[in-house]
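Examination of the molecular architecture
As a plain string of letters, each chain reads:
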Amino acid sequence: MLRLALKRSLRLGPAVSDTPSAAMVASRGYHERVVDHYNNPRNVGSFDKEDPNVGTGLVGAPACGDVMKLQIKVDEDSGKIVDACFKTFGCGSAIASSSVATEWVKGKQMEEVLTIKNTEIAKHLSLPPVKLHCSMLAEDAIKAAVKDYELKKAKAAPKQE
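Residues numbered from 1 in each chain as written. Predicted model: local features only at pLDDT ≥ 70, side-chain atom pairs only at ≥ 80, totals over all residues. Heavy atoms only, no water.

Things to note about the packing of aromatic side chains
- Here the structure, examined in full by the defined rule, presents zero aromatic pairs.
- Of note, Lys 73 hangs over the ring of Phe 47, and the distance from its end group to the ring centre comes to 4.5 Å. (Phe/Tyr/Trp six-rings, centres within 6.5 Å; stacked < 30°, edge-to-face > 60°. Lys NZ or Arg CZ within 6 Å of the ring centre and 35° of its normal.)

Side note on the pairing of strand E2 (residues 66-74)
- Where strand E1 (residues 54-61) and E2 come together, eight bridges link them in antiparallel fashion. Paired with Thr 56 across the bridge in E2 is Gln 71.
- Hairpin connection of E1 to E2: four residues between the antiparallel strands, including Gly 65 at a positive phi of 90°.
- Alignment of E2 against strand E3 (residues 81-89), held across eight bridges, turns out to be antiparallel. (Pairing = 2+ DSSP bridges. Helix = DSSP H or I, 4+ residues; strand = E, 2+ residues; numbered from the N terminus.)

Here we look at the pattern of salt bridges
- Counted according to the given criterion, the structure contains five salt bridges.
- Residue Arg 42 is joined to Asp 36 by a salt bridge in which the shortest nitrogen-to-oxygen separation is 2.6 Å.
- Taking relative accessible area as the criterion, Asp 36 reaches 30% and is therefore assigned partly exposed.
- Notably, a salt bridge pairs Glu 103 with Arg 42, separated by 3.5 Å at the nearest N-O pair. Residue Glu 103 is located in helix H4 (residues 92-105), and its partner Arg 42 is located in the loop between helix H3 (32-39) and E1; the two are separated by 61 residues in the primary sequence.
- Taking the relative accessible area as the measure of exposure, Glu 103 reaches 36% and is therefore partly exposed.
- For Arg 42, a relative accessible area of 24% puts it in the partly exposed group.
- Here the salt bridges share partners, and the residues they tie into one network are Asp 36, Arg 42 and Glu 103. (Salt bridge = Lys/Arg side-chain N within 4 Å of Asp/Glu carboxyl O. Buried < 20%, exposed > 50% of the residue type's maximum accessible area, 1.4 Å probe, protein only.)

This is the structure in structure tokens:
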């Protein structure tokens, strides 16, 4: 097996895809929800970060190299999150955690999304202990996006004298 991996890394063996197949991911013990969100991520994309109704959270984990950008679009009148999207550079668990986070924040009030905990995301995806940092990134990204939105609103508000 080591010889095959070496041949592939040196491009001496058969060409392989850079993206692991669902079968390869599943064989490593990932839950089917992780595989589903990895193969079919929801809400991938980005909004204009200059839009006053958009909050952007950019977080990273230096230990593993995962970087997550999660954005929320908020209805000014109701305070509800009407849309969310993400871009993540990282492992399948990080992508799945981002995808789940965007699904969970849509349609909720700002205060409500701040109650979403990494443990809930990890439990939903059945993440192994070594991948819990991915769900922590998702929670941090939600909080950072809300904070960014609130800072934009505070700057835009007329100053009281």
